[in-house]
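Chain by chain, the residues:
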Amino acid sequence: MLMDYNRTINDNGAYFYEPDFLVNNAVFYNATKVTIKLDYLNQGFGVLVSKGGFQHASLMEDSYGIFLVEDAIELVRYIEGTRTVINKYAYRLTMPVKAMTLEVYKNGDYLYVMNSGKTILYTKLDESYTAYGFGFYSNRWNTIHSINYQSNTPQEWDLNVLSSKGGKIQFYQDGFSIVDARSDVQVEQSRIHLPAGKYYLTYSEVPVEGQFDIKCYAYYSDDEKINAIDKNILKGNRLELSEDAYINVHFCGQYGAIEQIAIKKFLALPYVGTTGTNEAKSGSLLQIDLDQIVEFELEGRIVSTPITDSTADDKSYYYVKYEGVEYREAETRLGEDCLFSMLLKQDELLSKNLTTGKQATLAIDYSEPLLYLLHNLDAIISRFVVRYKDGREIDYLNEVTDKYYVPNTITSPVLAVDEYYEPLDLSSSYRIIEHENGAEYAYTNREREWFTNEKAALSLEKSLRTNNPDVVVYGIPNGINVHKENIYRISEGVDTIENFAAEYDMISPSDYQVDTNGSFVILKNAVSKAYAYFVVDYLKERSYAINYNKELQSYEVDISSSTSTKILYDFGDDGSVRQYISTGFKPDDNKYIVLSI
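Let us look at the structure shown here. Every residue gets a number counted from 1 within its own chain, in the order that chain's sequence is written. Only residues with pLDDT of at least 70 are given local features in this predicted model, and only at 80 or more are side-chain atom pairs given and counted; all residues enter the totals for whole chains, interfaces and linings. Side-chain metrics rest on all non-hydrogen atoms present in the structure, leaving aside hydrogens and water.

### Let's talk about the overall build of the protein
Note the threshold: Note on conventions: DSSP H or I runs of at least 4 residues are helices, E runs of at least 2 residues are strands, and numbering of each starts at the N terminus. Burial classification: accessible surface area is computed with a 1.4 Å probe over protein chains only, and a residue below 20% of its type maximum counts as buried, one above 50% as exposed, and the rest as partly exposed. Working rule for contacts: check all heavy atoms of both residues, and any pair within 4.5 Å makes them a contact. All accessible areas in this document rest on Shrake-Rupley with a 1.4 Å probe, and a residue is counted as covered only by the protein chains that are shown.
Of the regular secondary structure elements, the protein holds two helices and 48 strands. Looking at the protein as a whole, 45% of its 597 residues qualify as buried. Looking at the protein alone, contacts between residues at least 24 apart form 66% of all its contacts between residues at least 6 apart. Surface summary for the protein: the accessible area is close to 32,800 Å², and the carbon and sulfur share equals 47%.

What follows is the structure in structure tokens.
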């Protein structure tokens, strides 16, 4: 940490054979105390505080200096090489002084100087440096035996530097660095409370001067084993807790920096740094106006609930609230990490946990017009269909296709065409829907493809719909088994990839770009390296799918197109019936069909 170019020799410390400066190339940010142990045999010794650190500026570019001179202490300011004595304080030392301990403490714009524990200078500087470095001046014949730096440690962090044999650890915004330690420095945050569940521990590894050897461990706070390796519960970057627990996060190493440390539910979630101030924000919710609707269907996944005191009555979340009454796990049968559905029909709200199969019914008497759902919960909504009193039915998440219903009495094919009567593509994309009585196939305009993480640009096989591609990207973490044969297999009513991979994340749209012209999904580099596999669901252009609706005894024709379309089948626009016959012709040569009226 001390630069080599100076007039000193190593004689049980740094012995100055000529007057010179000794410079530390480290940069400090927090309040810092420097303790210098020296043999002060010849008048003339000083400590400099330099703006930005001495690796960014010359010694006299922008600095404050405290100098011990004959019968006084001088406070000096250097600006662009010009030296100005700001103040001079009377102070007498009986020379020589063996084994002198001089301490300099900088906290904001205040500077304290102590000799052997007694304050000899306390002053307020005109300027406070956010980032700064230290330098040392000495006349000849003085020897510095040791220099020790102590910087503020953030709340809840613990250090063990006793065995590091020198070096420096420095905390700064969103990270810390370790430099020049001869053996491991240990840095730990203790007693982090986490509810039961699966988590990712993420951070950025930053080499310092081209070196990095810091390792990371996590373990239960009450584990009494001594060695961090023996009690480590971190598998790669994944944590899995079977019950609520307190854990410690432990780093150790001699060189490098760790930044942007976070414990996340989803790997692709961005890092959000914290500040010294808190801002209260109300949680999100769905508000339903019962005066306007007949019924609704809601489906999705509850990811997590806020961390609360399990014994408290005033929880900060709820699944349903009506007439001032809040309903949570016991009343709705819902909970963390579950697929769910809610159906409002007539005077009942049916809440169903699709993961456990449990369900509950809540009475809705319409005396209160507002119904509140999913307050302050981490949830993903996959389906939300509302039927209004005026006859409208709106699928708020998937209102991007047109549906037609064709009677089952037709005797011709059903064709979907554009405004120029050019046919659209009949979709061969499908899902295998599993239910209690077996499985059945359903055709869809949504294509589904899987990719490895070899490339950030995912090239799609089909053409993306241009005006609303409705892309969904899933990420499968490293170490999770995938079942490629099940990519199209889904559970009844829930079109997810849970049969392809037991664990996955939905990638935020802010972490990828969609190129509808080239049919690409382009992932951000950080996301593309964070997962082993990706699955992309997307809506195809100029596509239509046909399924039979048993309840309506009709064919449901679902059309995905950015332009206007129509369907053609037996019945003409004027109500006439079109007749079709099979000619039996084989298209092996040119043939002609003559029609007469």
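### Quick notes on unusual backbone geometry
Residue Pro 96 follows Met 95 across a cis peptide bond; omega there is -10°. The backbone of Arg 191 shows a phi angle near 50°, a positive value even though the residue is not glycine. On the basis of relative accessibility, which here comes to 52%, the residue Arg 191 falls in the exposed class. Phi is positive for Leu 374, which is not a glycine, with a value near 55°.

### Re the sheet that holds strand E13 (residues 143-151)
How we decide: Strand pairing follows a simple DSSP-based rule, namely that at least 2 bridges must link the two strands. What counts as an axis is a line fitted to C-alpha atoms, over the stretch in contact for a helix, and the angles between N-to-C directions run from 0 to 180 degrees.
Ordered by their spatial adjacency, seven strands build an open sheet running E1-E2-E13-E4-E9-E10-E11, and the pairing between neighbours is antiparallel. The two strands at the open ends of the sheet, each matched to only one other strand, are strand E1 (8-10) and strand E11 (118-124). On average, adjacent strands in this sheet sit at an angle of 25° to one another, irrespective of strand direction. Note: strand E10 (residues 110-115) against E11, six bridges, orientation antiparallel.

### Quick notes on the nonpolar core
The test is simple: Among the buried residues, those of types Ala, Val, Leu, Ile, Met, Phe, Trp, Tyr and Cys that are joined through side-chain atoms within 4.5 Å form a nonpolar core.
Membership of the largest hydrophobic core comes to 34 residues, with the highest contact counts inside it found for Leu 68, Phe 134 and Phe 136. Counting 27 residues, the second largest nonpolar core, distinct from the first, contains Phe 296, Tyr 317, Tyr 319 and Leu 344.

### What to know about the pattern of salt bridges
It is possible for side chains bearing opposite charge to pair when their charged atoms get close. Condition: The salt bridge definition used is simple: a Lys or Arg side-chain nitrogen within 4 Å of an Asp or Glu carboxyl oxygen.
Within the structure shown, the criterion is met by 21 salt bridges. Glu 103 is paired through a salt bridge with Lys 33; the nearest N and O atoms lie 3.6 Å apart. On the criterion of sequence distance, the pair formed by Glu 103 in strand E9 (residues 97-107) and Lys 33 in strand E4 (residues 32-40) is long-range, its members being 70 residues apart. Salt-bridge contacts for Asp 337 lead to Arg 301; the nearest nitrogen and oxygen are separated by 3.1 Å.

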